[in-house]
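Residue-level structure breakdown
For reference, the chains in residue letters:
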Amino acid sequence: MPDLDIKAESRRRFLKFMSGSPLLAWPALAALAVEDPIRWVQLRPEDLIASPKDAINVFDFEPVARKNIPPAHFGYMASGIDDEVTLRANREGFLKFQLRPRRLVDVSKVDTSTEILGVRYANPIIVAPVGGQKAFHAEGEIAVAKGARPGNHLMILSTQTTSAVEDVIAARGAPVWFQLYATNKWDVAKAFVTRAEKAGCPVVAVTVDRNGGRNQETLFRLMRTDSRDCSGCHDRSSLQANLRRRAMFEGVDVAGLTHTQSSAMNWDFIKRLRDTTRMKIVLKGILAHEDAVFAAENGIDGIIVSNHGARSEDSGRSTIDALPEIVEAVRGRMPILVDSGFRRGTDIVKALAMGAQGVCVGRPYIWGLGAFGQPGVERVLDLLRIELRAIMQQVGAPSLKDLKPAMVRRA
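Quick summary incoming for the structure in this document. These numbers were taken from a predicted model, which means no experiment stands behind them.

1. Remarks on the pairing of strand 7 (residues 203-207)
In the case of a regular strand, side chains alternate between the two sheet surfaces. In terms of burial, strand 7 is a largely internal element, five of the five residues being buried. Of the two faces of strand 7, the one holding Val203, Ala205 and Thr207 and the one holding Val204 and Val206 are both buried throughout. When strand 6 (residues 177-180) meets strand 7, the two strands line up parallel, connected through three bridges. Bridging across to strand 7, Phe178 finds its partner in Val204. Remark: the strand 6/helix 8 (residues 186-199)/strand 7 crossover connection has right-handed handedness. The sheet contact formed by strand 7 and strand 8 (residues 280-286) spans five bridges and is parallel. Paired with Val203 across the bridge in strand 8 is Lys280.

2. Focus on the sheet that holds strand 4 (residues 125-127)
Read across the sheet, eight strands follow the order 4-11-10-9-8-7-6-5 without closing on themselves; strand pairing throughout is parallel. Among the strands making up the open sheet, the edge pair consists of strand 4 and strand 5 (156-157). With two bridges joining them, strand 5 and strand 6 adopt parallel strand pairing. Across the sheet, the residue bridging to Leu157 is Phe178, located in strand 6.

3. Quick word on helix 12 (residues 289-297)
When helix 12 is considered as a whole, its buried residues turn out to be Ala292, Ala295 and Ala296. Viewed end-on, helix 12 has its buried residues packed into an arc of 95°, placing them on one side of the element. The elements touched by buried residues of helix 12 are helix 11 (267-276), strand 8, strand 9 (302-305) and helix 13 (319-330).

4. Considerations on the pairing of strand 9
Going residue by residue along strand 9, you find Gly302 and Ile304 tucked away on one face and Ile303 and Val305 tucked away on the opposite face as well. As paired elements, strand 8 and strand 9 share four bridges and run parallel to each other. Counted as the bridge partner of Leu283 is Ile303 from strand 9. Once you follow strand 9 into helix 13 and on to strand 10 (residues 336-339), the crossover reads as right-handed.

Cut-offs used in this document
Residues numbered from 1 in each chain as written. Predicted model: local features only at pLDDT ≥ 70, side-chain atom pairs only at ≥ 80, totals over all residues. Heavy atoms only, no water. Buried < 20%, exposed > 50% of the residue type's maximum accessible area, 1.4 Å probe, protein only. Helix = DSSP H or I, 4+ residues; strand = E, 2+ residues; numbered from the N terminus. Pairing = 2+ DSSP bridges. Right-handed = clockwise from strand over helix to strand, strands pointing away. Arc of directions from axis to C-beta. Contact = heavy atoms within 4.5 Å.

Put into structure tokens, the structure is as follows:
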């Protein structure tokens, strides 16, 4: 068959595959499918990977997860907000930075271990907090915790977990950090923090960027295509009823709250939190150097440079773009982690060379979870570790401390 015929047949198969996808309800994506198919998508459903070991990269898991996960649940995970400019920027931002490899360095042995807040981890790849994981697989956070165990990954558990923090720690076999959605009611935040500390969490990561509403267009469009009766799991008669499946809210009085956003949070809240818990405090959602300076001057233990995976605002700025100014402002006074858009070992190495001590990964392991459960999570994290080691060798860095700012230049 001539090359043009092969290309035409491939496009026909791709469009046939996409024609059954509710994603085409989103006009922008429908146009993308017609004009420029996403290059990593398998052309036929029968070509999707059948097991985690078949995956070549983390992207191989997404179409399988898309097939397995109910449309509304997939839309919740995949969605940015508004025009999703930031969602795209998080990936495109890495193209602005190039690596400068060094040669004639012995990289026959590579050490990916790192120390974060006094604890040694085998690698700097961190399992980011993602809420409601039983929406993607029946075992939810327990499967993720077990999947993070072989690689000794630090795990951060969301306030919106569908599994008890105590059970997650047991499944992980090590302490996990607790991510806090504080709400605007101090007693609610205090109840969360007290339980997490009692369970053995050494660090609370306070999310500071969920302080307003959001228009999650991809979610809303996919919800319209979901034919299931969702009322059995989602009782929206009241906030208390709607949070019934969220384990951290068990026994917590949310009377007076109309939402779980933290629109009233300020630095006085952080000071009050410091007086309440012995856990170390990390601020998640810092994007401006002014806030990084405030954090350092107010005794915060660490920062996560984050735009919430483009789910909290559509600023258009990627976290890899924001990272340099945060590093410069902190001047080594606290560890800096970063998340949002990380998919490749090269992404991770760029951030580490620029000054981050760890990189949090979210959607990729959820793709693995939705595709194959615990084995899918394990394989996603394994692939990221493989790529990390490979690119460290390629740039001439036998250990993380050998990754220097000079190894990255802006394109």
